[in-house]
Amino acid sequence: MQLNDFDTGTFLRDYWQQKPLLIRNPWTSWRNPLAPDELAGLACESEVESRLVMRRRGGWAVEHGPIAEQRFSQLGRKGWTLLVQAVDHHVPEVAALIEPFRFIPNWRIDDVMVSYAADEGGVGPHFDQYDVFLVQGLGQRRWQIGGRCDQTAKLLPHDELRLLEQFEAIDEWVLEPGDMLYLPPRVAHNGIAVGGDCMTYSIGFRAPSRRELIALWSDHALGELGDDDRYADPGLPIQDNPGEISAQAIARLHDMAMERLRDRDAFARWFGRHSSARRYPDVDWQAEQPIGIDELRVVIAGGATLCRNPASRFAFVRQSPGLVLLFVDGACFECAGQAMTFAERICAQERVRIEALPDAAEPLLAMIAALHDQGSLAFEPED
C-alpha cells in the first residue's frame, strides 16, 4: 500500500512529535488487510501477545491471551475490545502497512498492533509515551482528543490500564475505513467503536526513556569491567585537612566512572545490538537447515530474491566512509565493500536481489548465510 498526496517533509516539520493530524483516506487504494476472524485466530495462539479489554459496570477488566476460541461467543455485542500485538510479525499484508512510514528511521519503528472492537468498545481515555499512526481498517471509530499530559496526570486505580481520571475532549472525529490519525506522545485520547466490526491498525514507534537508556548502557559497561580496575593515586600530596575529598580526587574518580560511558563507538555498537534485538526473543525463527557458502552461490546465481523476516529488525551505523556496522536481531556485522552496499540496501528495502556476485565475495556470502541461519533472511526463488 502507498500513501497518496502525503507530504512527508511538511508532516515532519509541522506535526511529528508536535500535534495531532487527521488524514482522510490518504491511500491510493485502501483494502483492509486482515479479516476479524483471522485476528481472533492469532489471539488464540500461545506465541502471540493478546488481551481483551472489557467495560463493566464496576470498571474495566482485562484478560490476557492466549484466548480460548469459545470465549469470543461469550463476550456479547457491546463494550469489548480485542488487542493483538505485533501482527506484522505473522501477517505479510499487515507488515506491508509499515512500508509507507519508512520515512521514520527503522530503529524507531516498533510494531503494528491490531484491535477489533464491538459496538462502544474501547480501552478508555489514556495517553501513550510514543508516536502512533491509527489507521481505520474496518467499520467506524470515534476519536476524542484531549490535551498534553505529563507525570502529574492523575490516573484511575487499575493494575493494568493507565486510564485518565479526568479527560476533556477538545477535538473529535469519526474515522471511516482508510482514514488515519497521527498522535504524538502524551496526547490524551479516547477511541470508541461506532457500531460493530471496528478494526484499527496502530503503527507504533519506540522512544527509549533517558532512565532506560542510562540504566541499560551502564549495565552493559559494567559487564565488561573487572574488579582489578581500581582507583590509584600515586604521588599523593599531603592535605591540610584529612577530612577533605580533594578536587583532584573527585576529578580522578569522575574520569574513572565516566571513561567507559563516554566511549561513543562502544555506545553505538551496544545501541545497535540493543535496538535491533527482537521484540520476542523466545520465538524461534531459525532456519530448519543452515546453508553452506557453495549452496548460497547457487541460490543467488539462480536469481533468488533475499527477503527480510517481518519480525526482524535491520539497521546500520556508519563507522567511516568505507565501513558500516550492520545490526540484525541483536547481531553485529562489520561491512566493507560489497558487503557494505548490501547492508545499506537490505536496511532500506524489504527485498533485495543480487544480480552478480563480485570477486572475493566470501565475506558477503558468509554474512548472508548467517542472516539466513538465524532466520532474519529467507530466499524467494525466481518466478
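For the structure itself, consult the block above.
### Focus on the pairing of strand E11 (residues 314-320)
With six bridges joining them, E11 and strand E12 (residues 323-328) adopt antiparallel strand pairing. Within E12, the position partnered with Ser320 by the bridge is Leu323. What sits between E11 and E12 in their antiparallel hairpin is a turn of two residues.

### A look at the nonpolar core
With 42 residues, the main nonpolar core has Leu39, Leu82, Val87 and Tyr201 as its most contacted residues. At the level of secondary structure, the elements contributing two or more residues to this core comprise strand E1 (21-23), helix H2 (36-43), strand E2 (50-56), strand E4 (80-84), strand E5 (109-117), strand E6 (132-148), strand E8 (180-183) and strand E9 (187-205). Every residue in contact with Leu82, bar those within four places of it in the chain, is listed here: Leu39, Ala40, Ala43, Arg51, Leu52, Ile67, Phe72, Val114, Ser115 and Tyr116. Grouped together as the second largest cluster of nonpolar side chains are 27 residues, Ile300, Phe342, Ala343 and Cys347 included.

### A short note on the layout of surface pockets
When its volume is computed, the largest pocket comes out at roughly 870 Å³. Along its surface, the largest pocket is lined by 34 residues, and Arg51, Met113, His126, Asp128 and Tyr130 are the ones closest to its centre. Looking at the lining of the largest pocket, the elements with two or more residues in it are E4, E5, E6 and E9. Tallying contributions element by element places E9 first for the lining of the largest pocket, with eight residues.

### Some details on the pairing of strand E10 (residues 305-308)
Residues of E10 alternate between two faces, with Thr305 and Cys307 on one and Leu306 and Arg308 on the opposite face, all of them buried. Pairing analysis gives three bridges linking E10 to strand E14 (residues 351-353), with the strands arranged antiparallel. Looking at E14, one finds that Thr305 is bridged to Arg353.

### Concerning empty space enclosed by the protein
Applying the stated criterion to the full structure yields two cavities of 30 Å³ or more. There is about 290 Å³ of room inside the largest cavity. In this structure, the largest cavity is lined by 22 residues; those nearest its centre are Arg102, Arg308, Pro310, Ser312 and Arg313. For the lining of the largest cavity, the secondary structure elements donating two or more residues are E5, helix H6 (264-276) and E11. Looking at the lining of the largest cavity residue by residue, the classes come out as eight nonpolar, six polar and eight charged. Approximately 50 Å³ is the volume attributed to the second largest cavity. Taken together, Glu47, His89, His90, Arg278, Arg279, Tyr280, Val283, Trp285 and Ala311 form the lining of the second largest cavity.

### As for the packing of aromatic side chains
The tally for this structure, following the rule as stated, stands at 23 aromatic pairs. Ring geometry for Trp27 against Phe101: centres 6.4 Å apart, planes inclined by 75 degrees, an arrangement best described as edge-to-face. On the criterion of sequence distance, the pair formed by Trp27 in the loop between E1 and H2 and Phe101 in the loop between helix H3 (92-95) and E5 is long-range, its members being 74 residues apart. Comparing Trp27 with Phe101, the two get one shared label, buried. Between Phe267 and Trp270, the aromatic rings sit 5.5 Å apart at their centres with planes inclined by 45 degrees, giving tilted as the arrangement. Taken as a pair, Phe267 and Trp270 lie in helix H6 at a separation of three residues, close to a single helical turn. Each residue in the set Phe6, Phe11, Tyr15, Trp16, Trp27, Trp30, Phe101, Phe103, Phe133, Tyr182, Tyr201 and Phe205 is aromatic and connected to the rest through ring pairs, giving one cluster. Over the ring of Trp107 we find Arg108, and its NZ or CZ is 5.9 Å from the ring centre. When the ring centre of Phe314 is taken as reference, the NZ or CZ atom of Arg308 above it lies at 5.4 Å.

### Some thoughts on H6
The end-to-end C-alpha distance of H6 is 18 Å, a good match for the 18 Å that 13 residues give at a rise of 1.5 Å each. The complete set of buried residues in H6 reads Ala266, Ala268, Trp270, Phe271, Gly272, Ser275 and Ser276. Structurally, the start of H6 carries an N-cap: the backbone nitrogen of Asp265 is 3.3 Å from a side-chain oxygen of Asp263.

### Some details on the sheet that holds strand E15 (residues 377-380)
The three strands lie next to each other as E14-E10-E15, forming an open sheet whose pairing is antiparallel. The open sheet is flanked by E14 and E15, the only strands paired with a single partner. In this sheet, neighbouring strand axes are inclined to one another by 30 degrees on average, regardless of whether the strands run parallel or antiparallel. Strand contacts of helix H8 (residues 337-348): E10, E14 and E15, with the helix running at about 55 degrees to E10, the strand carrying the most contacts.

The rules we used
- Residues numbered from 1 in each chain as written.
- Predicted model: local features only at pLDDT ≥ 70, side-chain atom pairs only at ≥ 80, totals over all residues.
- Heavy atoms only, no water.
- Pairing = 2+ DSSP bridges.
- Helix = DSSP H or I, 4+ residues; strand = E, 2+ residues; numbered from the N terminus.
- Core = buried A, V, L, I, M, F, W, Y, C linked by side-chain atoms within 4.5 Å.
- Buried < 20%, exposed > 50% of the residue type's maximum accessible area, 1.4 Å probe, protein only.
- Contact = heavy atoms within 4.5 Å.
- 1 Å grid on protein atoms, 1.4 Å probe; cavity = no way out; pocket = protein on both sides within 12 Å on 5 of 7 lines; lining within 4 Å.
- Points joined across faces, edges and corners; volume = space filled by probe spheres on them.
- Nonpolar A, V, L, I, M, F, W, Y, C, P; charged D, E, K, R; others polar.
- Phe/Tyr/Trp six-rings, centres within 6.5 Å; stacked < 30°, edge-to-face > 60°.
- Lys NZ or Arg CZ within 6 Å of the ring centre and 35° of its normal.
- Expected span 1.5 Å × (residues − 1).
- Polar contact = N/O pair within 3.5 Å; in protein donor to acceptor, adjacent residues only side chain to side chain.
- Axes fitted to C-alpha atoms, helices over the stretch in contact; angles between N-to-C directions.

Note that all results are geometric; they support no functional claim without further evidence.
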